[in-house]
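Observations on the model geometry
Here are the chains, one letter per residue:
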Amino acid sequence: MRQHRFQKDLPFSEAEYERRLALTRAAMERAGLEVLLVTDPSNMAWLTAYDGWSFYVHQGVLVFQDADPVWWGRNQDTNGAVRTVWMGDDRVIGYADNYVQSTERHPMEDLAQRLIGMGHEGARLGVEMDNYYFSAKAYMSLAASLPQAKLIDATALVNWQRGIKSAEEIAFMRKAAKISEKIVDGLLERVEPGVAKNAVVAEIQRDAILGVGDDWGDYAAIVPLLPSGSDAAAPHLTWDGRPFNKGEATFFEIAGCYRRYHTPFCRTIFLGEPPDLFLAAEAALVEGLEAGIEAARAGNRACDIANALAAPLERAGIERGARCGYPIGLSYPPDWGERTISLRAEDETVLQPGMTFHFMPGLWMSDWGLEITESILITEDGPAECFCDRPRKMFVKD
């Protein structure tokens, strides 16, 4: 080990990064991989601490069994890499700017030459094939430039290693939870009939980034989602300049974020007198949430949470076709989920202490919607712990 490793202002301890690298190398060995190319920025950050808004160009981290990882990307982004990754500066390499968005050459051609120079021209090379950041052109270019190598699908190989959070990671998520609480408290204060949505979103972002105390807020991987009335039937609408209206429900899907760690939290605000339909749905949803949290125990399965939620909803005549949760932690746009386990009836993954989920049983019906969610931690013993501490209900404002 070189002496200048780990001498930077890193989010986590040296032991934490060594833990992550050991988990990844063991997974590589099981998959028969000699080298792994990680292009998901969340996985890059988890392994190396790299943190920069450079994922719009091709970049990645090379993981080896017997040497420190290598960060590879655009030349101008190497300045950010040497300032954020734990590896020595000699493990940061860049490609020339004439590769960027070129019709004549592709950055993967540069990466292939680097691998050949390292003696890995015939390696069993893992690539994250089903990933937002690894394109079909990237795969074709890399395969053509490394004809002796065998490219193997390693989608989510690193993601699965991230599932059980360390104590250091959980501490970050607790900080993010406090920011989520601050955002929700601000919503309850500010949302009124006639107030423009964009004005409220501006305050959401202000609260999110100011953070709580000395715990500053990072940008979230998803922007605030807040459809109202019949638009709340659509789960992923953002905002416009229209005002909130009396007689409508608006759900707010937000997440506090601290040093890239997210704790999502959703609540619904109804302005005026809610109809019986909403009150019945709220009662069934809260009952299902509480049953699901009770079922979210180490040794149970992901499907046990989903099935516990489903029972009271079915009794109320509410059918949900979507999964009701997913793992959370470190993430970059466009998603704060880890893309591994799903809380749904078909997923029999065994729950383990340290796993963290957004338990997200949103109701998106034909012309209305309702979200009341919790981010949860699977504990050593007993039901899951909720990261946030706010009333589990639909808020009503006259």
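None of these values were measured; they are calculated from a predicted model.

**Notes on the sheet that holds strand β15 (residues 395–397)**
Reading across from one edge, β7-β8-β15 is the order of the 3 strands in this open sheet, with mixed pairing throughout. Sheet topology places β7 (249–258) and β15 at the edges, where each strand pairs with a single neighbour. Put simply, the sheet's adjacent strands are angled 30° from each other on average, direction ignored. In terms of strand pairing, strand β8 (residues 261–271) meets β15 through 3 bridges, oriented parallel. Each residue of the ladder has a partner; that of F270, found in β15, is V396.

**Thoughts on the sheet that holds strand β10 (residues 356–359)**
Spatially, β9-β10-β13-β14 is the arrangement adopted by the 4 strands of the open sheet, whose pairing is antiparallel. The sheet is open, and its two edges are formed by β9 (325–327) and β14 (385–386), each paired on a single side. Of the strand pairs in this sheet, strand β13 (residues 374–377) and β14 are connected by 2 bridges, and their pairing is antiparallel. Along β14, the bridge assignment pairs I376 with C386. Running at roughly 165° to β10, helix α9 (residues 276–295) makes contact with β10, β13 and β14 of the sheet.

**Details of the pairing of strand β6 (residues 150–153)**
As paired elements, strand β5 (residues 124–127) and β6 share 4 bridges and run parallel to each other. By the bridge assignment for β6, R124 is matched with K150. Regarding the hand of the β-α-β motif, the stretch spanning β5, helix α5 (residues 136–145) and β6 is right-handed.

**Focus: the packing of aromatic side chains**
One pass over the full model with this rule turns up 17 aromatic pairs. Here the aromatic rings of F278 and W368 are separated by 5.1 Å at their centres, their planes lie at 55°, and the arrangement is tilted. You can see F278 sitting in helix α9 and its partner W368 sitting in the loop between β11 (363–364) and β12 (369–370), a full 90 residues away along the chain. Among the residues examined, W368 registers a relative accessible area of 10% and is labelled buried. Pairwise contacts between aromatic rings join F12, Y17, F172, W216, Y258 and Y261 into one cluster. One Lys or Arg, R260, reaches over the ring of Y219 and ends 4.0 Å from the middle of that ring. Over the face of the ring belonging to Y332 we find R260, whose NZ or CZ atom lies 4.6 Å from the ring centre.

Here is what the cut-offs are and how they apply
Position numbers for residues count from 1 along each chain, tracking the sequence in the order it is written. Confidence filtering applies because this is a predicted model: local features only for residues at pLDDT of at least 70, side-chain atom pairs given and counted only at 80 or more, and all residues used for totals across whole chains, interfaces and linings. Side-chain measures were taken over the full set of non-hydrogen atoms in the model, leaving aside hydrogen atoms and water. Between any two strands, at least two bridges found by DSSP are needed for them to pair. To qualify as a helix, a DSSP run of H or I must reach at least 4 residues; to qualify as a strand, a run of E must reach at least 2; elements of each kind are numbered from the N terminus. Angles run from 0 to 180 degrees between N-to-C directions of axes, and those axes are lines fitted to C-alpha atoms, restricted for helices to the stretch in contact. Contacts are assigned to residue pairs that have any heavy atoms within 4.5 Å of one another. A crossover counts as right-handed when, viewed with the strands pointing away from the observer, the path leading from the first strand over the helix to the second turns clockwise. Classification of ring pairs rests on two measures: the distance between centres of Phe, Tyr or Trp rings, Trp counted by its six-membered ring, which must be within 6.5 Å, and the angle between planes, read as stacked under 30 degrees, edge-to-face over 60 and tilted in between. Under the scheme applied here, a residue whose accessible area is under 20% of the maximum for its type counts as buried, over 50% as exposed, and between as partly exposed, the area being computed with a 1.4 Å probe on protein chains only. Consider the ring centre and the ring normal. A charge sits over the ring if Lys NZ or Arg CZ is within 6 Å of that centre and within 35 degrees of that normal.

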